[in-house]
Amino acid sequence: MARSVDVLALLRQASPVTRREILKRAALGGISGPALMAMLRSDASAAPAGPAPRLRQRSQDGEPVQGGTLVLTGHQEIASLSPDDTGPTVHWVMITQIHNALVEMDENLQFNPVLAESLPEVSEDGLTYTFKLRQGVKFHDGEEFTSEDVKYTYEWYMNPDNAAINAADFAMVEAVEAPDPYTVIVRMKEPYAPFLARVASKFIVPAHYHSQVGETEYKGKPIGTGPFKLKEWRPAEYTEVEAFEDHFRGRPHLDAIREEVVPEPSVRAIGLETGEAHSSVWPLTPEDNIRLAEDSNFVVFVTSAFAVNHFPLNNKLPQLSDKRVRQAMMYAIDRETVIDEIFQGAAVVATSNLSPAMGDFYNPNVKEYPYDPDQANALLDEAGWVMGSDGVREKDGMKLSFVCTTITGDQTRRPEAELVQQYLKEVGIDMQLQEAPVATILEQLRKGEMDASLFNWTYGGDYADPDDGGTLRSDGGSNFSQFQNARVDELLDAGLREIDREKRIAIYHEIQEIIAEEVPFLFISYWDWYNIFSSKVKGLPESALVGDQIYAKAYQWWIEE
Amino acid sequence: MLRYITIRLLQGVVVIFLVSITSFIIMQLAPGDPVDILIGEQQITPEQIAAIERKWGLDRPWYVQYFTWLGNVFTGDFGTSVVRTGQPVREMIFEAAPQTIKLNLLSLIVSMLIAIPIGVLAAVKRYSLFDYGSMVGATLGIALPNYWIGLMLIIVFSLKLGWLPPYGSGSWKSYILPVAVLASQEMAILARLSRGTTSEALSQDYVTTARAKGLRDRTVVTRHVVRNALLPVVTMIGYRIAFLLSGTIVVETIFAWPGIGQLFFNSIDRMDYQVVQAIVLLLATLVVVANLVTDLVYAYIDPRIRVR
Amino acid sequence: MSIQAATEETPAQAILETGTARRSEWSRVWRRFKRYKPGLAGATLVIALIFIAIFAPLIAPYSPTEKVGRRATPPSAEFWLGLDEIGRDVLSRLIFGTRVALIVGIGAMAIALIIGVTIGAVAGYFGGTVDLALSRVIDALMAFPLLALLITLSALFEPHLRTVVIVIGVTVWASYARVVRAEVLSLRERDYVIAARAIGARSPRIIARHMLPNVIGPVIVLASLDVGSIIILESALSFLGLGVQPPTPSWGGMLSAGRSLMRNAPHIAIAPGVAITLTVLAFNLMGDGLRDALDPRQRE
């Protein structure tokens, strides 16, 4: 006996919900907007300090105009247009124009049925999901979309031979059935809370086409049901999609969308100012963000991140293995100044692994680390690190020195590392800097072969679920800090099994307390995320909680010259 | 002559192989592979990572990877890019190379037209104000970092004046700024080189004789000296090819120019080794051929230089 | 092609070479050098830079590595060139940066020179298989994409000024090797060298006493020009994140850090840009002057 589940209630329970992809793509994703801001402010003193988002009235936009090309800029090449490669934001922004999923999450974290007629019916045991599909939906090649396409797509991910990047999302799926052309039944091995976000929102590829050309060719010649179809794919230069006349929601107002590759952030800002482009899908420098946000020629969405801007530290390194040393580092860093100067105030001080955007799951009552160099010195003295003649502390002939490797060409975070280097030096800690490619940093951190780094990453917050066994568990695949804590492992296991919301909250509050106490990594801040649009673009959403998601609504926009 | 060319070419093959295998080994020494980029922040198990690595053949020992790749090269298959999930490297290079060639060819022509007359004139009027001025100017062209010039030009000509597009490679207008940046450096080098060879030529016996015979300076210069001034152009082209990447990469990055320089740097950044290997191989070949051609052209232009 | 005409010596002279002969040779060079005014100006500037580098702690108003104010503060009476991307004094960093520039420029040049001259001389003197093998190594280095080499080398070693100097040094020596090899190759068959060999002089001695003095001219010119290009190379490396690392003030690093603030705080990038330009200019003009002074055929 299946019964209809109030999905919205489910979502509210876990509210606010986000999608793991957002965070994954951006390493930064976000949530904010008026609603959340209000919620947070009423909540506690933990209200974010970032600039308030500008409220817009869509009714002022006038009547839609047909035609025009929306020009976007991204920071790196659009290497693939396959739904399995939605990782980078620059990919996702184009892939979402070409494809649709059964349900899609919008910029305000709501799940809406798209290729499905409605949200799925869920069996009482939570093991069976039944979708009724929308009829009369056409792929770009004119073929009709049916349940076979859904079955094919999901099974493609499940097949280990394909070594799909998103295979893990389907680990709990037992089987996908297509009893008739407009019904899809997904059977789970175990109840699986993030089903909608992880499985039902995967973009559908046409079975007849994908099976014929294969994934490799598909990534450059995708065919979907989306409002735009691929016109030209020049990965290193630009990708252009054009309006799909037979789109089931009607032809979009825009004739085309082109995403251009412009690596240099200051040049992307200039491109917006000269009118060369309408929006940059990847953020500009903090200074450019602030300047354009104050310019009436632009419409700006400010959302705040789930990801924490942090320095992962190798806890197994002898210099860093003592928690007092790591705590001392937290006291030594003036994070208010880091945010105020480097990020122009567009961030909030981090308290632990979860951001205030997590609502109830966020625990503001954890050990705090105000700027206090005296306390830092005292802790280091206590830990036995004696100030050496060169201004660097020593213990048993070992220098309190380590290397922080930042991402090559990371113009935004690089000064942050330099400033932190200053603060650490003042208490006798020598943090050297170097730069390396991302691929090198991630691999070396995963293997515990790197001392420290600096980037933003989510430590819990996928689909607003506070779990992140991947980063905090002793055996986590992305345990960058080589953090080993039996109690946290235990809590993470318990948290996954616990269904009672209040009890879950208590579990994750305790994890945050432990993280704040143990300081496995230096948590610096939660960023504000800027999405800037030329004011010529009309029909934009009135508000947004997640920046990247805004681009999925491009089919509703038009350009007024 | 033919024997000489054959020997040089054979030596060239050795050089290319040396370059290729060394760069491959160095890439292998640096940790990280493109799969780390592919998976991003996706929650994934070590087994799944291993499966993806297996799919791309990255689990094989380095020498197997290298010689398999090298073997394929002889059949015209330069491998596939992991980051562009399976796109043939040949395609990527065919897309990027013309962009870089266009840019460099144009800037070479522009700088030749401007710099050679300046260099010759500076040599003829040695120790004059013109000589000092042009040589200081030329040095500036070498000394100013090209991303600095590039950003300045964008700010002035795109943002302030609105005359030219700030980036892209769409219209003829978009060529002006990147070509100007590249040419500013080439001109500098070329002007200095042609001043050097011209003044050397001017001090040669036959020029002195010609002058002594009463030929006017202009005739001497045009008849005997300009021929020598062409030598630096040849050197310049050889130089340009050897420094093709380092010369263009910054310009390509700033002006969002989808050329080989960007492709190469991005591929190193992502440890996409088959792409890097293919570009290294092509460039090494180009340099070897360019060196040979330079030597032959030298021998042709300047008979005094024997081909050894 | 070069100075061998002037320094060509008879076997007896070469073997019994005296200090006086050398001295007069150098005073002639100095006389010729003085005549080329830009070269003289360049040399003066180089000397000034060396002074700045030596006395940096006395000249600099602030510490080059400490935050003294807000990020990107524009120039003022207090801070003549403003503050950098984290609030350090740009002028003080510029002054201390002179040290780094000269250490990198001269240090890497010296390494390149030593490797290049040794390999070039050995290849040229022994010829045959040795020459063939070494020449291919030289060719390979010239054909090697420097970028790939530098990126991986920097990733493999710890970040330090030393690393940058060594990495640049060991990658740019090929031009010295080429020049020296060509010179030595042509000197090898000279009478006085043959004579020296005949009286039983050992190879290292012959190379050091009779050959290297003859290649010193072109090598000095190359070296003085190289200092400039190495300083530029360091700034290009900084652009790619592989240069001298903060807090050590390097002009290239400062320029690269100022790049993203070019619109809002142009002073951060302009100051090191001007410093690099002037320094490279100085070394190049000095090199030009030396070239003219050392190349006897260009005497008027």
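The full count for this structure, using the stated rule, is 34 aromatic pairs over all chains. Plain terms: the ring middles of F361 of chain A and Y508 of chain A are 6.0 Å apart, the flat faces sit at 85° to each other, and that makes the pair edge-to-face. A residue pair is termed long-range when its members are at least 10 positions apart, and F361 of chain A in the loop between β16 (347-349) and α12 (373-382) and Y508 of chain A in helix α17 (residues 501-518) qualify at 147 residues. On the accessibility criterion, F361 of chain A (3% relative accessible area) is buried. Joined through ring pairs, the aromatic side chains of F24, W62, Y63, Y66, F67, W69 and Y273 of chain B make up one cluster. Just above the ring of Y555 of chain A sits the side chain of R249 of chain A; from NZ or CZ to the centre is 3.9 Å. The lysine or arginine in question, R258 of chain A, covers the ring of Y238 of chain A, its NZ or CZ lying 5.8 Å from the ring centre.

Moving on, we get to the interface of chain B and chain C. Facing the 44 residues of chain B at the interface are 44 residues of chain C. For the pairing of chain B and chain C, the buried interface totals around 4,300 Å² over both sides, and the portion due to carbon and sulfur atoms is 74%. Where chain B touches chain C, the interface holds one salt bridge. Its salt-bridge partner being D288 of chain C, residue R192 of chain B comes within 2.7 Å of it at the nearest N-O pair. The interface formed by chain B and chain C includes two residue pairs in polar contact (both at pLDDT 80 or more). For the side of chain B that touches chain C, the elements supplying multiple residues, two or more each, are α1 (2-29), α6 (129-143), α7 (146-160), α8 (173-202), α11 (244-254), α12 (260-269) and α13 (273-301) of chain B. It is α1 of chain B that contributes the most residues to the side of chain B that touches chain C, nine residues altogether. In terms of residue class, the side of chain B that touches chain C is made up of 31 nonpolar, eight polar and five charged.

Residues and elements named next belong to chain A. Where helix α5 (residues 147-158) contacts helix α7 (residues 207-218), the axes come no closer than 9 Å and their chain directions differ by 35°. Where α5 approaches α7, its residues E148, D149, Y152 and W156 are matched on the opposing element by A207, H208, H210, S211 and E215. In terms of residue class, the contact of α5 with α7 is made up of three nonpolar, three polar and three charged.

We now examine the interface of chain B and chain A. When the parts come together, some accessible area is lost, and that loss is often what is quoted as the size of the interface. Counting residues at the interface gives 43 residues for chain B, matched by 53 residues for chain A. Summing the contributions of chain B and of chain A, the shared interface buries around 4,000 Å²; its carbon and sulfur component is 56%. Where chain B meets chain A, there are two salt bridges. The closest approach of N and O atoms between E77 of chain A and R84 of chain B, which form a salt bridge, is 2.7 Å. Summed over the shared surface of chain B and chain A, the result is five residue pairs in polar contact (both at pLDDT 80 or more). For the side of chain B that touches chain A, the secondary structure elements donating two or more residues are α2 (34-39), α3 (46-55), α5 (89-124), α7, α11 and α12 of chain B. For the side of chain B that touches chain A, a count of residues per class yields 21 nonpolar, 14 polar and eight charged.

Of the consecutive residues P246 of chain C and P247 of chain C, the connecting peptide bond is found in the cis state with omega at 5°. Residue position: P247 of chain C is located in the loop between α12 (203-239) and α13 (251-258). The backbone phi angle of V519 of chain A is positive, close to 50°, even though this residue is not glycine. In this model, A72 of chain C sits at a positive phi of 60°, which is unusual for a non-glycine residue. Counting through the fold element by element, A72 of chain C comes out in the loop between α5 (56-59) and α6 (90-126).

What follows is about the confidence of the model for chain B. Residue and element names in this part refer to chain B. In the predicted model, chain B carries a mean pLDDT of 81, and 85% of its residues have values of at least 70. Mean pLDDT in chain B bottoms out at helix α10 (residues 217-242), which sits at 68, and peaks at α5, which reaches 88. Predicted as a complex, the structure gets a pTM of 0.82 and an ipTM equal to 0.84.

Another point: a nonpolar patch on the surface. All names here are of chain B. Taken together, the side chains of F17, I25, L29, W62, Y63, V64 and F67 define a hydrophobic patch exposed on the protein surface, amounting to about 630 Å² of accessible area. Where the nonpolar patch is concerned, the elements lending two or more residues are α1 and α4 (62-73). Of the residues forming the nonpolar patch, the biggest block, four residues, is contributed by α4. Along the polypeptide, I25 turns up in helix α1.

So, how was this worked out
Residues numbered from 1 in each chain as written. Chains lettered and ligands numbered in written order. Predicted model: local features only at pLDDT ≥ 70, side-chain atom pairs only at ≥ 80, totals over all residues. Heavy atoms only, no water. Phe/Tyr/Trp six-rings, centres within 6.5 Å; stacked < 30°, edge-to-face > 60°. Helix = DSSP H or I, 4+ residues; strand = E, 2+ residues; numbered from the N terminus. Buried < 20%, exposed > 50% of the residue type's maximum accessible area, 1.4 Å probe, protein only. Lys NZ or Arg CZ within 6 Å of the ring centre and 35° of its normal. Contact = heavy atoms within 4.5 Å. Buried area = accessible area lost by both parts, 1.4 Å probe. Salt bridge = Lys/Arg side-chain N within 4 Å of Asp/Glu carboxyl O. Polar contact = N/O pair within 3.5 Å; in protein donor to acceptor, adjacent residues only side chain to side chain. Nonpolar A, V, L, I, M, F, W, Y, C, P; charged D, E, K, R; others polar. Axes fitted to C-alpha atoms, helices over the stretch in contact; angles between N-to-C directions. pLDDT = per-residue confidence, 0-100. Patch = residues over 30% accessible without salt bridge, like charges linked within 9 Å, V, L, I, M, F, W, Y side chains within 5 Å. Areas by Shrake-Rupley, 256 points an atom, 1.4 Å probe, with all protein chains shown as cover.

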